[in-house]
Amino acid sequence: DAPVTPEVPPAPTETLFSDVAPDPRDTPPRWIRRLWLGAALLLAILLLAQWVGHEKNMLAARAPALQPALRAMCEAIGCVLTAPQSPESIQIEASAYDPLGEDMYRLSLTLRNRANWAIAPPAIELTITDASERPLVRRVLLPDELGVQGEQMDAHSAQELTIYLRSTLAIAPGLSGYRLTAFYP
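Draft legend 1. View of the state of the cysteines. Under the definition given, this model contains 1 disulfide. The disulfide that involves cysteine 74 links it to cysteine 79, with 2.1 Å between the sulfurs. Across the S-S bond of cysteine 74 and cysteine 79 the torsion is about -95°, and the bridge reads as left-handed. Its relative accessible area of 24% is what places cysteine 79 among the partly exposed residues.

What follows is the structure, given as structure tokens:
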């Protein structure tokens with residue numbers, strides 16, 4: 001009998017960490033890589049332009065130095081730069097709804113802009129309620145009807161507004177209150 005010799009595995013030609021050059025057939029040509037890079041850059045620029053177009057009013061209010069560039073952009077594409085609408089920044093500080101005579105009423109209110117930038121004036125919804133707080137009549141008063149001064153409310157400014165209204169709904173014991181809500185239509 002011949003003695004049995006253990007089989008020795010062959011030595012590996014590569015190790016797990018060997019430096020193996022990539023196959024040049026697996027990498028795309030340089031012009032395709034540049035095309036993808038250019039497409040990604042173009043899409044990023046378009047996304048930024050869309051965001052600026054959507055946020056242009058707030059950008060102009062918060063960073064006045066950008067206003068000339070934003071106005072130029074709006075002239076080029078036909079948009080309008082206005083004061084931003086910011087319902088969370090509007091506060092109705094004081095109000096009164098007083099009867100003056102047969103069918104005349106005076107609505108007085110103070111609107112305050114609590115933001116650090118100018119905002120568009122809101123519309124006000126006046127709701128006359130009964131003793132159970134159920135609405136009986138609603139009326140929306142636009143900034144022009146309220147007598148708001150200017151196209152915007154400056155930062156931290158307040159405006160005292162008074163408007164006279166006619167109503168066939170007389171203040172009676174069943175009509176006990178009113179509500180005012182600031183909003184942007």
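Let us keep going from here.
Draft legend 2. Spatial organisation of a nonpolar patch on the surface. A contiguous nonpolar surface patch, about 320 Å² in accessible area, is contributed by Leu42, Leu43 and Leu46. Judged by its relative accessible area of 57%, leucine 43 falls in the exposed class.

Draft legend 3. Examining the sheet that holds strand β5 (residues 158-166) more closely. Spatially, 3 strands are ordered β1-β2-β5 in an open sheet, and the strand pairing comes out antiparallel. Two strands in the sheet have a free side with no partner beyond their single neighbour: β1 (90-99) and β5. Taking each pair of neighbouring strands and ignoring which way they run, the sheet shows an average axis angle of 15°. Examined bridge by bridge, β1 and strand β2 (residues 104-113) share 9 bridges and lie antiparallel to one another.

Draft legend 4. Main features of the pattern of salt bridges. All told, the structure shown has 7 salt bridges when counted by the stated rule. Put simply, arginine 106 and aspartate 98 hold a salt bridge, and the shortest N to O gap is 3.7 Å. Where arginine 139 meets glutamate 145, a salt bridge forms, and the shortest distance between an N and an O atom there is 3.1 Å. Relative accessible area serves as the criterion here: at 36%, glutamate 145 is assigned to the partly exposed category.

Draft legend 5. The arrangement of the environment of leucine 165 in detail. If you trace the backbone, leucine 165 turns up in strand β5. Taking the relative accessible area as the measure of exposure, leucine 165 reaches 6% and is therefore buried. Spatially, the C-alpha atom of leucine 165 lies 9.8 Å from that of tyrosine 97, the residues being 68 residues apart in sequence.

Draft legend 6. Molecular detail of the packing of aromatic side chains. Taken as a whole and judged by the stated rule, the model has 2 aromatic pairs. Arranged with centres 5.2 Å apart and planes meeting at 5°, the rings of tyrosine 97 and tyrosine 105 form a pair that is stacked. Given the relative accessible area of 2%, tyrosine 105 is considered buried. Ring centres 5.8 Å apart and planes at 45° place the aromatic pair tyrosine 97 and tyrosine 178 in the tilted group. Taken together, the positions of tyrosine 97 in strand β1 and tyrosine 178 in strand β6 (residues 175-183) put the pair 81 residues apart, joining distant regions of the chain. What makes tyrosine 97 buried here is its relative accessible area of 13%. Assessed through its relative accessible area of 26%, tyrosine 178 is described here as partly exposed. Members of the aromatic cluster, joined through ring pairs, are Tyr97, Tyr105 and Tyr178.

Reading guide: rules and limits
Residues numbered from 1 in each chain as written. Predicted model: local features only at pLDDT ≥ 70, side-chain atom pairs only at ≥ 80, totals over all residues. Heavy atoms only, no water. Disulfide = S-S within 2.5 Å. Buried < 20%, exposed > 50% of the residue type's maximum accessible area, 1.4 Å probe, protein only. Patch = residues over 30% accessible without salt bridge, like charges linked within 9 Å, V, L, I, M, F, W, Y side chains within 5 Å. Areas by Shrake-Rupley, 256 points an atom, 1.4 Å probe, with all protein chains shown as cover. Salt bridge = Lys/Arg side-chain N within 4 Å of Asp/Glu carboxyl O. Pairing = 2+ DSSP bridges. Helix = DSSP H or I, 4+ residues; strand = E, 2+ residues; numbered from the N terminus. Axes fitted to C-alpha atoms, helices over the stretch in contact; angles between N-to-C directions. Phe/Tyr/Trp six-rings, centres within 6.5 Å; stacked < 30°, edge-to-face > 60°.

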